[in-house]
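Listed here are the chains, written in short residue letters.
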Amino acid sequence: MSEHAALIAPAAAEFAGILRGIGESDLAARTPCAEYDVRALLNHLLYWGPWLEAAGRKTPPPEVSSGEEEAGLVGGGWLGDIEKQTARLVDVFGTPEAWQGQTTFGGNPMPASMAGYMVLDEFVFHGWDLARATGAQFTVLPEVADAVYAIALEIGDQARAMKVYGDEVTVAEGATTFERALGATGRNPAWTP
């Protein structure tokens, strides 16, 4: 799965472009993730990013004093914080080594490729979530769409059991690969706020 390393930077670039378009007035907007508005989704990304980075580096997870909901990480400098975090994740998961062997996530052993899948999913699917919530245009390269669709099919049952993906959504006949990937993760490609 280390061939996915080459997809991290372009996926992150699109994700970062969406982030830079988010204004203060967008933070309360609903997202396709029913439990998150934009602020809560950004908080989710800021909370779990260091855990993913540690998994990629195969180092111990960060020390935390609160759960995701209590973390309150979306302050005045949230954009700079998440851009730096994104750059670190690209540095780590843009290398084939991060995808090889075993690692841990939150103390649980897992294949390192699974951590890489999670990072690619965060950039692409949560990037789309944020774009939809804020009315931004979201572009996915064909090779990235192919990869996240294959990932969604590979880990779908496990991700649904863990409540990471929602129930699969049936998409229209003739749907694009990325629309099929969205449906496989429980997202409706036609969702609007």
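Residues numbered from 1 in each chain as written. Predicted model: local features only at pLDDT ≥ 70, side-chain atom pairs only at ≥ 80, totals over all residues. Heavy atoms only, no water.

S.K.: Report on the nonpolar core, specifying residues and quantitative values.
M.R.: Counting 60 residues, the largest nonpolar core has Leu42, Phe93, Leu120, Val124, Leu130 and Phe178 as its most contacted members. The set of elements that each furnish at least two residues to this core consists of helix 1 (5–20), helix 2 (38–57), helix 4 (78–93), helix 5 (112–134), helix 6 (142–161) and helix 7 (177–184). Considering every element that reaches this core, the biggest residue donor is helix 5, with twelve residues. Apart from the residues lying within four places of it in its own chain, the contact partners of Leu42 are Leu19, Ile22, Leu27, Val74, Trp78, Ile82 and Leu130. (Core = buried A, V, L, I, M, F, W, Y, C linked by side-chain atoms within 4.5 Å. Buried < 20%, exposed > 50% of the residue type's maximum accessible area, 1.4 Å probe, protein only. Helix = DSSP H or I, 4+ residues; strand = E, 2+ residues; numbered from the N terminus. Contact = heavy atoms within 4.5 Å.)

S.K.: Break down the environment of Glu168 for me, with residues and values.
M.R.: When you line up the elements, Glu168 lands in the loop between helix 6 and helix 7. For the pair formed by Glu168 and Pro61, sequence separation is 107 residues and the distance between their alpha carbons is 31 Å. When near neighbours in sequence (up to four residues on either side) are disregarded, Glu168 contacts Arg160, Gly183, Ala184 and Gly186.

S.K.: Any details on helix 1? Residues and values, ideally.
M.R.: Helix length check: helix 1 (16 residues) gives 24 Å between terminal C-alpha atoms against 22 Å at 1.5 Å per residue, within 8%. Within the span of helix 1, buried status applies to Ala5, Leu7, Ile8, Ala11, Ala12, Phe15, Ala16, Ile18 and Leu19. In an axial view of helix 1, the angular spread of the buried residues amounts to 160 degrees, which keeps them on one side of the axis. Exposed side chains of helix 1 directed beyond 90 degrees from the buried face belong to Ala6 and Arg20. Contact partners of the buried residues in helix 1: helix 2, helix 4, helix 5 and helix 6. (Expected span 1.5 Å × (residues − 1). Arc of directions from axis to C-beta.)

S.K.: Quick one: what's the story with the pairing of strand 1 (residues 102–105), residue by residue and with numbers?
M.R.: Every other side chain in a regular strand lies on the same face of the sheet, so the side chains alternate between the two faces. On strand 1, burial follows the alternation: Thr103 and Phe105 on one face are buried, whereas Gln102 and Thr104 on the facing-out side are not. Pairing geometry for strand 1 and strand 2 (residues 108–111), over four bridges, is antiparallel. When the sheet's bridge partners are listed, Thr104 is paired in strand 2 with Pro109. Linking two consecutive strands that pair antiparallel, namely strand 1 and strand 2, is a turn of two residues; a positive phi of about 60 degrees is found at Gly106 within it. (Pairing = 2+ DSSP bridges.)

S.K.: Lay out the side chain of His44 with the relevant residues and their values.
M.R.: Along the chain, His44 falls in helix 2. By relative accessible area, His44 is classed as buried at 11%. Among the polar contacts made by the side chain of His44, one reaches the side chain of Tyr36 at a distance of 3.0 Å. Not counting residues within four places of it along the chain, the set of residues in contact with His44 comprises Tyr36, Glu68, Glu122 and His126. (Polar contact = N/O pair within 3.5 Å; in protein donor to acceptor, adjacent residues only side chain to side chain.)

S.K.: Account for the environment of Phe125, with residues named and values stated.
M.R.: Inspection of the secondary structure assignment puts Phe125 in helix 5. Contact partners of Phe125, with chain neighbours within four places excluded, come to Val148, Phe178, Ala181, Leu182, Thr185 and Arg187.

S.K.: Go over unusual backbone geometry with me, naming the residues and quoting the values.
M.R.: Residues apart from glycine generally show negative phi values, whereas peptide bonds are mostly found in trans. A positive phi is found at Lys58, a non-glycine position, where the angle reads about 60 degrees. Topologically, Lys58 is positioned in the loop between helix 2 and helix 3 (68–71). What makes Lys58 partly exposed here is its relative accessible area of 37%. With a phi close to 65 degrees, Lys163 is a non-glycine residue in the positive phi region. With respect to the helices and strands, Lys163 occurs in the loop between helix 6 and helix 7. Assessed through its relative accessible area of 71%, Lys163 is described here as exposed.

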